[in-house]
Number of protein chains: 2
Amino acid sequence: MSTTVDRAQIEALVRSAIRQAQSGSSQPSPSAPVLSGAPGGEPLGWVNGKPNLRVSISARHCHLTDEHVEILFGRGSVLEPDKDLYQDGFYAAKQTVMVVGPRRRMLPNVRVLGPTRPASQLELAFTDSISLGIDAPVRHSGKIEGTPGCVLVGPAGSVQLDQGVIRAARHVHMNDHDAAFYGVSNGDMMQLVIKSKDCSVIFDDVLVREDKAAKLEVHIDTDEGNACNLDAATEVTIQPMPKPCACGH
Amino acid sequence: MSTTVDRAQIEALVRSAIRQAQSGSSQPSPSAPVLSGAPGGEPLGWVNGKPNLRVSISARHCHLTDEHVEILFGRGSVLEPDKDLYQDGFYAAKQTVMVVGPRRRMLPNVRVLGPTRPASQLELAFTDSISLGIDAPVRHSGKIEGTPGCVLVGPAGSVQLDQGVIRAARHVHMNDHDAAFYGVSNGDMMQLVIKSKDCSVIFDDVLVREDKAAKLEVHIDTDEGNACNLDAATEVTIQPMPKPCACGH
């Protein structure tokens, strides 16, 4: 079974190599300024004068500190980039770790993403957390206070994380041009609308994470991607959370 | 790993033993007649004069013909009820089968649901279908023409299904009183709204399956249940698919 599970994980990672879709909210903020291109061309990630939405499935993965990389993979070790992610500067590393939960349940090969971070963190889908026997709360990346821990095992050693196991909350990376286009700001919530044959879904609670260096990209987990059969989606849009209106909608 | 997976499945089955919630659409059909109680009391499944919505997670399972029960479990065998489902007359059987997909991937213990049916059918979540290596389409129960097959293995024999592997489409069982309350008919589509901390979801494409003997119950699969953390949901409602209105919503 472990081979099968790992294969599924790899498939999910490969699939997360991305879905691209027509972007543009059905109701872009009418007050959004028409932005001139950034110096040297269009805003980062834009195509033909518009944001270019990607929705990516984040398969389970972990982030490590420099210290933990050395403990797990040997003194002097650093993360080795294997595959670039869509966000510039981020990558899937060649390294994987085994994750061991309570009652000695485990996930044999969890991909490490780079670069390293100030705190180690394990991001699971809910299905993974059930398999591992860990009741992982939905949290935004970095908000790990009070979350459960686990044991990470590498070829050179192991690390006991006292906290850091989360189910990553949905979020959308975007730069200031994207934010202006949609009329949203860092920390706002948006809706992700996925049209998919016989299984369309609207995901609420998509947190805006604005950064000048970001490209427009929604991250959902494997459960969410599977629930709407993202690979077969026919239309993918994001929009600000709808507000009640006079007609009662 | 097989033990872990099976345990997760069992947990899902037990969990599907149910989420109960305040029902009542936020916009019940204004034309819905006020129904008098069925002979002897309220309409089936109603509580305090209103429909009583349940949302259940259907873990992977299969339905079998009488003939296949005998092949898999031995001549003269019948399904033995182990646990009643919410819908009267339906049950999880004591029997399970092993399912083998292409490339000899397998799921070791898939629960059989009773009673038997005119055609055998395997219902998986998308995650299961990836594990099994079968590209199962989203279909409504019984609509299995042209779907992939698999091999079922029981203690007494095995069966090659030429078709019947599906990802069960979301649906809501209801009786005629429920349908009148919501202003919908058999075959209509509804929306399932799940409010859950940090991961609320609106599921479109919920098919109405009306039957006089049914109790109001939505069935979603494990991926869908996990995507919205159904166990922790704070509010669960169904409503007809919204129509565009004059204000542009």
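Owing to the predicted nature of the structure, the values given are computational and were not obtained by experimental measurement. (Residues numbered from 1 in each chain as written. Chains lettered and ligands numbered in written order. Predicted model: local features only at pLDDT ≥ 70, side-chain atom pairs only at ≥ 80, totals over all residues. Heavy atoms only, no water.)

Caption draft 1: Summary view of the environment of B:Gly45. Residues and elements named next belong to chain B. Topologically, Gly45 is positioned in the loop between β1 (19-20) and β2 (54-58). Along the chain, Gly45 and Gln87 lie 42 residues apart, while their C-alpha atoms are 9.6 Å from each other. Residues in contact with Gly45, not counting those within four places in the same chain, are Asn52, Tyr86 and Lys215. (Helix = DSSP H or I, 4+ residues; strand = E, 2+ residues; numbered from the N terminus. Contact = heavy atoms within 4.5 Å.)

Caption draft 2: Representation of the confidence of the model for chain A within the structure. Here chain A averages 85 in pLDDT, and 82% of its residues register 70 or above. Scored below 50 in pLDDT, residues 1-38 of chain A shows 81 contacts in the model against residues more than four places distant or in partner chains. (pLDDT = per-residue confidence, 0-100.)

Caption draft 3: Representation of the state of the cysteines. Applying the stated criterion to the full structure yields zero disulfides over all chains. You can see A:Cys228 has no disulfide; the closest cysteine sulfur is in A:Cys199, sitting 6.7 Å from it. (Disulfide = S-S within 2.5 Å.)

Caption draft 4: Representation of the packing of aromatic side chains within the structure. Within this structure, the stated rule accounts for four aromatic pairs over all chains. The interplanar angle of 80° and the centroid separation of 5.9 Å between the aromatic rings of B:Trp46 and B:Phe181 together place this pair among those described as edge-to-face. Here the residue B:Trp46 occupies a position in the loop between β1 and β2, and B:Phe181 occupies one in helix α4 (residues 176-182), the gap between them amounting to 135 residues. Take B:Phe181: its relative accessible area is 18%, and that puts it in the buried class. Taken together, the aromatic side chains of A:Trp46, A:Phe181 and A:Tyr182 make up a single cluster linked through ring pairs. Geometry around A:Tyr86 places A:Lys215 over its ring, the cationic atom sitting 4.3 Å from the centre. (Phe/Tyr/Trp six-rings, centres within 6.5 Å; stacked < 30°, edge-to-face > 60°. Buried < 20%, exposed > 50% of the residue type's maximum accessible area, 1.4 Å probe, protein only. Lys NZ or Arg CZ within 6 Å of the ring centre and 35° of its normal.)

Caption draft 5: Geometry of unusual backbone geometry. Residues A:Gly114 and A:Pro115 are joined by a peptide bond in cis, for which omega reads 5°. Positionally, A:Pro115 belongs in the loop between β6 (106-114) and β7 (121-124). The backbone of B:Asp198 shows a phi angle near 65°, a positive value even though the residue is not glycine. Mapped onto the secondary structure, B:Asp198 falls in the loop between β13 (189-195) and β14 (201-210). Positive phi values are uncommon outside glycine, yet B:Asp205 reaches one of about 65°. Within the fold, B:Asp205 resides in strand β14.

Caption draft 6: Focus on the environment of B:Asp221. Residue and element names in this part refer to chain B. The residue Asp221 is located in strand β15 (residues 217-221) in this model. Distance in space between the C-alpha atoms of Asp221 and Thr234 is 19 Å, their sequence separation being 13 residues. If sequence neighbours within four positions are ignored, Asp221 has contacts with Ile57, Ser58, Leu124, Ala125, Phe126 and Arg167. A distance of 3.1 Å separates the side chain of Asp221 from the backbone nitrogen of Asp223, its partner in a polar contact. Of note is the side chain of Asp221, whose polar atom sits 2.9 Å from the backbone nitrogen of Glu224. (Polar contact = N/O pair within 3.5 Å; in protein donor to acceptor, adjacent residues only side chain to side chain.)

Caption draft 7: Fine view of helix α2 (residues 66-73) of chain A. Residues and elements named next belong to chain A. Listed as buried for α2 are His68, Val69, Leu72 and Phe73. For α2, the angular spread of buried residues about the axis comes to 105°, placing them on one side. Exposed residues on α2 whose side chains face more than 90 degrees from its buried face are Asp66 and Glu67. At its buried positions, α2 is contacted by β5 (91-100), β6, β9 (150-153) and β10 (158-161). (Arc of directions from axis to C-beta.)

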